[in-house]
Amino acid sequence: MMRTLLLAAGLLWIAAAPAAAQTATEAQAVAATATGMSDDQLKKLPAKKLFGGQKGPATSMKARAIGSYAKGCMAGGKALEVDGPAWQVMRLSRNRNWGHPELVALVERLAVEAKEKDGWNGLLVGDLAQPRGGPMLSGHASHQIGLDADVWLTPMPDRTLSRKEREEIQGKLVVKDRKRIDPAVWTESHARLIRRAASYPEVARIFVHPPIKAELCKWAKGDTDKAWLAKVRPYFGHNWHFHIRINCPADSPNCKNQPEARPEDGTGCGNELAYWLGDKPWPQPPKPDATPQKPAKPAPPLTLSALPAECRAVVTAQ
Ligand SMILES: [Zn+2]
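None of the values given here were measured: they were computed from a predicted structure.

**Q** Sorry if this is basic, but what is going on with the overall build of the chain here?
**A** Within the chain, the secondary structure is distributed over 10 helices and 11 strands. Relative to the globule expectation of 20 Å for 318 residues, the C-alpha radius of gyration of the chain, 21 Å, shows essentially globular dimensions. Each principal axis of the C-alpha distribution contributes one length, and for the chain these read about 60 × 60 × 55 Å. Considering the chain as a whole, with its 318 residues, one finds that 39% of them fall into the buried category. Put simply, of all contacts in the chain between residues at least 6 apart along the chain, 76% involve residues at least 24 apart.

Structure below.
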């Protein structure tokens, strides 16, 4: 009986865990074939497999962010150390702790300052980018040019986490739902951390779940300078982590900034927040008498031709 159970458990494990590994191996095989291909052949390859299959950065190239946040790649990426004086990187198996050196420096600085001044023991850091940026095999539309980073809202424990823990620990939700913060989890330290991140001049935007923005608007009532609040944008899914996006660095002429975040009231605490706390942006449940819709055909995977031409050199570089 025990043997059967163990065997069943083992098979389950084999079926579940290596599905991701298999995709990664397949992507590595695609990436390996790219070197030596003609430009025309390269253009037709699926971008996420090519970039998802790269294990290391294009070290022969200088650091540059190329293209736009959700359509581009990165040359000369730098790794954020997995253990720093004030941070630990999570989900190491994903190999997404790579960024433009300016982003890496900014995450390090935020972690150290949050520890010194904001009541954080240290930060748990989520995904930055793949070694050469580009589209990912799973998750995230952006994070492609080494200028985006996810930081957990769960405090770092007072010990070094094992690799296994870094795969398995789940971030704690700081909200009850899409309208309400969870006051049992949310603390002033969270607010201080997000304000600090948004106050750095390099930072273009921060994404948080709508009730987090609402809480920050209340909390910042007494602030004389509220310009940082304009950069904090409500967005789906950022309920246990927040997302930091920095501006294009000076060394990256082919990097495309987004228009500056400029809510009409200067903070985004008025109409913009009201919109996000309403029902409009959220998917509506179908009406009971609605005729069932045909499922939309999935869009074909992005090929390299959709990315800036320079990304073909990045993906084939040594
Ligand atoms: Zn993110």
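**Q** Looking at this model, I keep getting lost on helix α4 (residues 101-117). Mind explaining?
**A** Since there are 3.6 residues in each turn of an α-helix, residues three or four apart along the chain are aligned in direction. If you check α4, its first and last C-alpha atoms are 24 Å apart, about what 17 residues at 1.5 Å a residue would give, namely 24 Å. Taken together, the buried positions of α4 are Glu102, Leu103, Val104, Leu106, Val107, Leu110, Ala111 and Ala114. Phi turns positive one or two residues past the end of α4, at Gly119, with a value near 80 degrees.

**Q** Got a minute to help me understand the packing of α4 against helix α6 (residues 188-199) in this structure?
**A** Helix-helix packing: each pair is described by the crossing angle between the helix axes and the interaxial distance. Look at α4 against α6: their axes get within 10 Å of each other, and the N-to-C directions meet at 140 degrees. Regarding the angle of α4 to α6, the classification is oblique. In terms of crossing hand, the pair formed by α4 and α6 is right-handed. Between α4 and α6, the residues in contact are Leu110, Glu113 and Ala114 and Leu193, Arg196 and Ala197, respectively. Residues belonging to the contact of α4 with α6 are distributed by class as follows: 4 nonpolar, no polar and 2 charged.

**Q** Which parts of the structure should I look at to understand the pairing of strand β2 (residues 71-75)?
**A** Regular strands place side chains that alternate from one sheet face to the opposite one. Within β2, 5 of the 5 residues are buried, leaving the element largely enclosed by the surrounding structure. In β2, alternate side chains face the same way, and those of Lys71, Cys73 and Ala75 on one face and Gly72 and Met74 on the other are all buried. Sheet topology places strand β1 (residues 64-68) next to β2; 5 bridges connect them, and they run antiparallel. Paired with Gly67 across the strands is Gly72, a residue of β2. Connecting the antiparallel pair β1 and β2 is a turn made up of 2 residues.

**Q** Before we go on, may I ask you to explain unusual backbone geometry in this structure?
**A** Among all residues except glycine, the phi angle is most often negative; among peptide bonds, the trans geometry is most common. A positive phi angle, close to 55 degrees, is found at Asn95, a residue other than glycine. Summarising the element assignment, Asn95 is placed in the loop between β5 (87-89) and β6 (98-99). On the basis of neighbour count, Asn95 is assigned to the partly exposed category, with 17 C-beta atoms found within 10 Å.

**Q** Please clarify how the environment of Tyr235 should be interpreted in this entry.
**A** Note that Tyr235 resides in the loop between β10 (232-234) and β11 (241-246). Its 17 C-beta neighbours within 10 Å are what place Tyr235 among the partly exposed residues. In this structure the C-alpha to C-alpha distance between Tyr235 and Phe207, which are 28 residues apart in sequence, comes to 5.8 Å.

**Q** Even after reading the chapter, I still don't get the nonpolar core, so can you show me in this structure?
**A** Across soluble globular proteins, nonpolar side chains show a tendency to be buried alongside one another. If you look at the biggest cluster of nonpolar residues, it comprises 70 residues, and the most contacted ones within it are Ile66, Val107, Leu123, Val125, Ile194 and Ile206. Examining the composition of this core, we find that 7 residues originate from one element, α4, more than from any other. Ignoring sequence-local partners within four residues, the contact set of Leu123 consists of Ala86, Trp87, Ala111, Ala114, Val151, Trp152 and Met156.

**Q** Would you take a moment to explain the pairing of β11 for this structure?
**A** Most of β11 is tucked away, with 6 of its 6 residues classed as buried. Here β11 shows a buried face lined by His241, His243 and Arg245 and a second buried face lined by Phe242, Ile244 and Ile246. Sheet topology note: the strand β8 (residues 148-152)/β11 ladder contains 5 bridges and is antiparallel. When the bridges of β11 are listed, Asp148 appears paired with Arg245. In this sheet, β11 lies alongside strand β9 (residues 203-208) in antiparallel orientation, the contact comprising 4 bridges.

**Q** What is the right way to read helix α7 (residues 210-219) from this model?
**A** In terms of residue burial, α7 counts as a mostly covered element, since 7 of its 10 residues are buried. Of the positions making up α7, those classed as buried are Pro210, Pro211, Ile212, Lys213, Ala214, Glu215 and Leu216. Those residues of α7 that are buried are in contact with α6, β9, α8 (227-231), β10 and α9 (271-277).

**Q** Help me out: how do you make sense of the confidence of the model for the chain in this one?
**A** Segments scoring low in pLDDT should not have their predicted coordinates read at a detailed level. In the predicted model, the chain carries a mean pLDDT of 90, and 92% of its residues have values of at least 70. This stretch, residues 1-18, has a pLDDT under 50; its non-local contacts, to residues over four places away or in other chains, come to 0 contacts.

Here is what the cut-offs are and how they apply
Residues numbered from 1 in each chain as written. Predicted model: local features only at pLDDT ≥ 70, side-chain atom pairs only at ≥ 80, totals over all residues. Helix = DSSP H or I, 4+ residues; strand = E, 2+ residues; numbered from the N terminus. Rg over C-alpha atoms; globule rule 2.2 N^0.38 Å. Buried ≥ 20, exposed ≤ 12 C-beta atoms within 10 Å, placed from the backbone. Contact = placed C-beta atoms within 7 Å. Expected span 1.5 Å × (residues − 1). Axes fitted to C-alpha atoms, helices over the stretch in contact; angles between N-to-C directions. Parallel < 35°, antiparallel > 145°, perpendicular 65-115°, else oblique. Left-handed = near helix turned anticlockwise from the far one by under 90°. Nonpolar A, V, L, I, M, F, W, Y, C, P; charged D, E, K, R; others polar. Pairing = 2+ DSSP bridges. Core = buried A, V, L, I, M, F, W, Y, C linked by C-beta atoms within 7 Å. pLDDT = per-residue confidence, 0-100.

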